[in-house]
Every structure is written in C-alpha cells, then in structure tokens.
Amino acid sequence: MFGNTEEYDQDRNGFLERCHREYGDVFSFDARTIVVSSPDQVHALLTRTNRDFLAENSPLAGSVDTERMAADAELWTTTRRAGWQGLHRRVAQAHAERLREIFLKTVGDGEIDVLATMADFSGRATADFCLSADAAGVPETLAENVAAIDPLSRDSLQLPPWWPSRKVRRFARSRKRLLALMTDIVRRRRSAGDSAAAQDLLGVLLAPGDQQLSDLQIERFLRGIMLAALGVPAAALTWIVYELSTRPDVLARLEAEAASAGEVPVMGDLPYTEAFVKEVLRLWPPTWLIGRTVRHGTELDGWRLKAGDQVLFSLYRLHRDPRWWSDPDRLVPERWLEPHVAPVRHTYLPFGAGPRVCVGTQLGMMQLTLATAWLVSGMSLARTRETEMVPDFSGLLVPRDLRVRLERKAVRQGA
C-alpha cells in the first residue's frame, strides 16, 4: 500500500544512496515519482522549471492542478523581478549595519541549542531586511509557522487540509496569522506613502515602477522569502558552528582574517571566510532534497513523464559524488580559492539554478559570511558533549541536538 515510503522514511539519505548505487543516475521511486542524480539531468530539470516543471509545493495533500500552479509561478516571477532590486548595494549595506546589532543581541554567552539560537537570529535578520522598522512581531510569527510546517514535512504521506489532525489545524492557524500580519504591514506601509526604498525590501516592492504590484503579490512574495530565509540560514549556521568546533586549524585561519577586517566588513575583505561558508554549504546543504512537479507531458533524459508526476534529486548526494569532487566528504575551503580547480559545471547548487534560483543568494552569502566572522572574532566556542554528530535528513538537513558553550572574548584596549 505504501510502496517505498516506510523504508525511505526510516533512512532517507541511506535509501536514496542505496538506490543510486543499485539502479544508477535515474530510478523510479513510485508510479508517479522519479529520482535523478547526474549534473546534466539536474541542470535540465532546474532550467526547464516554469516551462515544463513547476516548483510550487505544499505540506498538505491535494489534487494537482498544474495550470493553477503555473499561474502562481507567473505571479511569483513577476514579483521576483521587482524583488531583485531589493538586493542592490544600498539596501544590503543598510541591512548589514543593522545585522551586527541583531547578531550581538541574539547570540550571547553560555550554553546554547545552536539550531534554536540560529533560527532566532535568522528570523530577526530576515524580518529586518524585508521590513526594517515594521518587523516587530514578525520573527515570532514566522517561527510559529515554520514550527507548524516541520512535523508535516517529516512525513512522506501528506495529509489533506480537511484531515482532523492537530498538526493540520496548527499549520492552518499559523499560516493564517502570518498572512494577516503581512497584510496589515503592507497596507499600512502603502497608505503611509513611505517607500523606505533605501532601507528594506518592502520599500522596493512598493516603490513606483514599470508594473505596480498588488498587495497580494507583495504579501505572498515576502512570506515565501521569509519562510525560506528562516530555516535555511539557521541550518547553515548550525553546520558552520559544528565545523568550527571540530576544525581548530580552520578556526585559527578564520580568526586571523576576521581580526584584520572591520566591524562590518565588505565581502571582498573575507575571502577565506567566504570560501569556508561555500564549503560548508557543499558538505551540508540545508535544502538537501529538491523536487519539481511535471507541468504537462514531457521527457527528461528519455523518461516519459505525465502532468502531475514528481521529479526529485538529492543535492547532498550531488555535492558529495566522487565522480565530480576530490576528497568529497572532507571540508576543504581551499578548493574555492583556486580557480584552476573550479567544480564541474552543475555540481554545486546550494541556492538552486534556473528561473527559480534563490532570489536571496547574494544576501544569504553576505549574512552567513558576516555572522561567521563575528562569531570567530567575538566568541570562543566549545562542544558541550563529545558525542558523535548525527545528521537529520527528515526535513532540512541539520545536525541533531548540537549544543555548544559560547564565551565572549575580552576586548583588547585600543581595539
């Protein structure tokens, strides 16, 4: 009745690895789902998104209406074009200057649950970039929505929205609260007539342009951006802390680089830190499994697909495939500092690719790089338990129950 689902849910990454080893770069998971693994297959899937494949998904089950999904994709794409402007240098720099204060307030001394702390930081950072002075209450509501999505995403058997379940009701309530909050913020900002274009993404989206965006477009776009930018950066920062706690040689080099930069350095000042972040995202991509829905009858690498079918690929397996990477399971930041050893095309995709590439790629790299620099320059850290690290593949890829002790470093006189 449940096919491969039970075995898959017991060990998701292990199941996919065994199937890849036994069946090759493309195999059928069930009657409506295939899994692909080669760089060319993955590249074709991502670049043909919106045309032949759709990225929209829901944590709840329902009938697959590919044309409605396509209409939603077009709505998102229209808003996204305006949203790209929100990442220009002036907005990013204004956010970076506020980001350090957010980091210092949320990452303090003592023993911490790393994932929870980094989720708090990421939620506040994302709300600040999108809404700046209007962000009050948003991080908490975002966190509530993400917490409601998490138990649904951990189960491959999706429940319909009418199912009498506490998990479904909790998700519906949290989603409604977040949408209501976003509606109120957008309408208040629009009626005030203050675009605040130099300060945040909402100001950019409200500013007059070639195509005026509706409140609904802006609300959906901001909700999608903030949900994605809460869980993924938090997971990435948790893996960054894990690697810092296990690689003293890397930590020492990061500390030396951060010491030579200012309080709010620009990206060019931190080449090794940026290389370290890129390598962590290669080893531990938070969005480790990516899927697309087939929009209409088509083919992918010889496989005939029908509308509503699903195509999946594991970014974790692609990033660690020994065919494309030397020493694939070891952290080697130096591989990103030598252009002559650039990775094989289409084998490094932590932010996706094609028409639905993550709109916040540059912002995400900036936040992760700066947070790493502030962490190593201002904090000493130590693992509180020397237990074996267990990666959790049930939702976003995170290290299970990682805890560390942080202590603020003494500030040198004259520093």
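Residues numbered from 1 in each chain as written. Predicted model: local features only at pLDDT ≥ 70, side-chain atom pairs only at ≥ 80, totals over all residues. Heavy atoms only, no water.

An unreviewed UniProt entry lists the protein under the name Unspecific monooxygenase, with Nonomuraea angiospora as the source organism. Recorded in UniProt under Cofactor (unreviewed entry), the annotation for the protein is "heme". (UniProt positions renumbered as here; feature names shortened; annotations may be inferred.)

Visitor: Got a minute to help me understand the overall build of the protein in this structure?
Guide: Of the regular secondary structure elements, the protein holds 14 helices and 12 strands. Here the protein holds 415 residues, and 51% of them are scored as buried. Approximately 19,800 Å² of the protein is accessible, and the part contributed by carbon and sulfur atoms is 52%. (Helix = DSSP H or I, 4+ residues; strand = E, 2+ residues; numbered from the N terminus. Buried < 20%, exposed > 50% of the residue type's maximum accessible area, 1.4 Å probe, protein only. Areas by Shrake-Rupley, 256 points an atom, 1.4 Å probe, with all protein chains shown as cover.)

Visitor: Teacher, can you tell me more about the sheet that holds strand β4 (residues 110-113) here?
Guide: Sheets are built from strands that pair by backbone hydrogen bonding, the pairs being arranged parallel or antiparallel. With antiparallel pairing, three strands are arranged side by side in an open sheet as β4-β12-β9. Of all the strands in the sheet, the pair left with one neighbour each is β4 and β9 (379-383). Direction aside, the axes of adjacent strands within the sheet are offset by 35 degrees on average. Examined bridge by bridge, β4 and strand β12 (residues 403-408) share four bridges and lie antiparallel to one another. By the bridge assignment, E111 is partnered in β12 with R405. Of the strands in this sheet, β4 and β12 are in contact with helix α6 (residues 114-131), which crosses β4 at around 80 degrees. Sheet strands touched by helix α10 (residues 215-246): β9 and β12. Its angle to β9, the strand with the most contacts, is close to 80 degrees. (Pairing = 2+ DSSP bridges. Axes fitted to C-alpha atoms, helices over the stretch in contact; angles between N-to-C directions. Contact = heavy atoms within 4.5 Å.)

Visitor: Just to check I follow, could you spell out the pattern of salt bridges for this structure?
Guide: Close approach of charged atoms allows side chains of opposite charge to pair. Evaluated as defined, the whole model comprises 29 salt bridges. In this structure, E279 and R282 form a salt bridge, with 3.0 Å as the shortest nitrogen-oxygen distance. On the criterion of helical spacing, the pair formed by E279 and R282 is a turn pair, its members being three residues apart in helix α12 (residues 271-283). Assessed through its relative accessible area of 0%, E279 is described here as buried. (Salt bridge = Lys/Arg side-chain N within 4 Å of Asp/Glu carboxyl O.)

Visitor: I'm lost on the sheet that holds strand β2 (residues 33-36) in this one. Help?
Guide: Taken together, the five strands give an open sheet; going across it, the order is β1-β2-β8-β5-β3, and neighbouring strands pair in mixed fashion. Taken across any chain shown, the strands that pair with only one partner, and hence form the sheet edges, are β1 (26-30) and β3 (53-54). Here strand β5 (residues 289-294) runs beside strand β8 (residues 310-314); their pairing, made up of five bridges, is antiparallel. The partner of I290 across the bridge, within β8, is F313. In this fold helix α2 (residues 12-23) packs onto β1, β2, β5 and β8, with an angle of close to 130 degrees to the strand it touches most, β1. Contacting β1, β2, β3, β5 and β8, helix α3 (residues 39-47) runs over the sheet at an angle of about 130 degrees to β8.

Visitor: Even after reading the chapter, I still don't get helix α11 (residues 248-259), so can you show me in this structure?
Guide: Residues spaced three or four apart along an α-helix point in a common direction, a consequence of the helix completing one turn every 3.6 residues. End to end, α11 covers 16 Å across 12 residues, agreeing with the expected 16 Å (1.5 Å per residue, within 8%). Of the positions making up α11, those classed as buried are V250, L251, L254, E257 and A258. Each buried residue of α11 lies within a common arc of 130 degrees when the element is viewed along its axis, so the set occupies one face. Summarising the geometry of α11, the exposed residues directed more than 90 degrees from the buried face are P248 and A259. Buried residues along α11 sit against α10, α12 and α14 (361-378). (Expected span 1.5 Å × (residues − 1). Arc of directions from axis to C-beta.)

Visitor: Looking at this structure, I do not really get the confidence of the model for the protein. What am I missing?
Guide: Low pLDDT means the predicted atomic positions in that stretch should not be read closely. Summary statistics for the protein give a mean pLDDT of 85 and a share of 85% for residues scoring 70 or more. Across the protein, the secondary-structure element scoring lowest on mean pLDDT is helix α4 (residues 66-84), at 64, and the one scoring highest is helix α13 (residues 315-319), at 97. (pLDDT = per-residue confidence, 0-100.)

Visitor: Help me understand the nonpolar core in this model?
Guide: Nonpolar side chains in soluble globular proteins tend to end up buried together. With 84 residues, the main nonpolar core has L131, L222, L244, F276, W284 and L375 as its most contacted residues. Sorting elements by how many residues they give to this core places α10 first, with 15 residues. Membership of the second largest hydrophobic core comes to 18 residues, among which are A44, L300, L305 and L315. (Core = buried A, V, L, I, M, F, W, Y, C linked by side-chain atoms within 4.5 Å.)

Visitor: Sorry, what's going on with the packing of α12 against α14 here?
Guide: When two helices pack together, you describe them by how their axes are tilted relative to each other and by the distance separating the axes. Where α12 meets α14, the axes come as close as 9 Å, and the angle between the chain directions of the two elements is 115 degrees. By the angle between their directions, the pair α12 and α14 is classed as roughly perpendicular. Taken as a pair, α12 and α14 cross one another with a handedness that is right-handed. Contacts between α12 and α14 involve T273, E274, F276, V277, K278 and L281 from the first element and M365, L368, T369, T372 and A373 from the second. When grouped by side-chain class, the residues that make up the contact of α12 with α14 number six nonpolar, three polar and two charged. (Parallel < 35°, antiparallel > 145°, perpendicular 65-115°, else oblique. Left-handed = near helix turned anticlockwise from the far one by under 90°. Nonpolar A, V, L, I, M, F, W, Y, C, P; charged D, E, K, R; others polar.)

Visitor: Would you mind showing me how to read the side chain of S122 here?
Guide: Structurally, S122 can be placed in helix α6. The class of S122 is buried, set by a relative accessible area of 3%. Beyond its immediate sequence surroundings of up to four residues, S122 is in contact with A229, L230, P233, A234 and L237.

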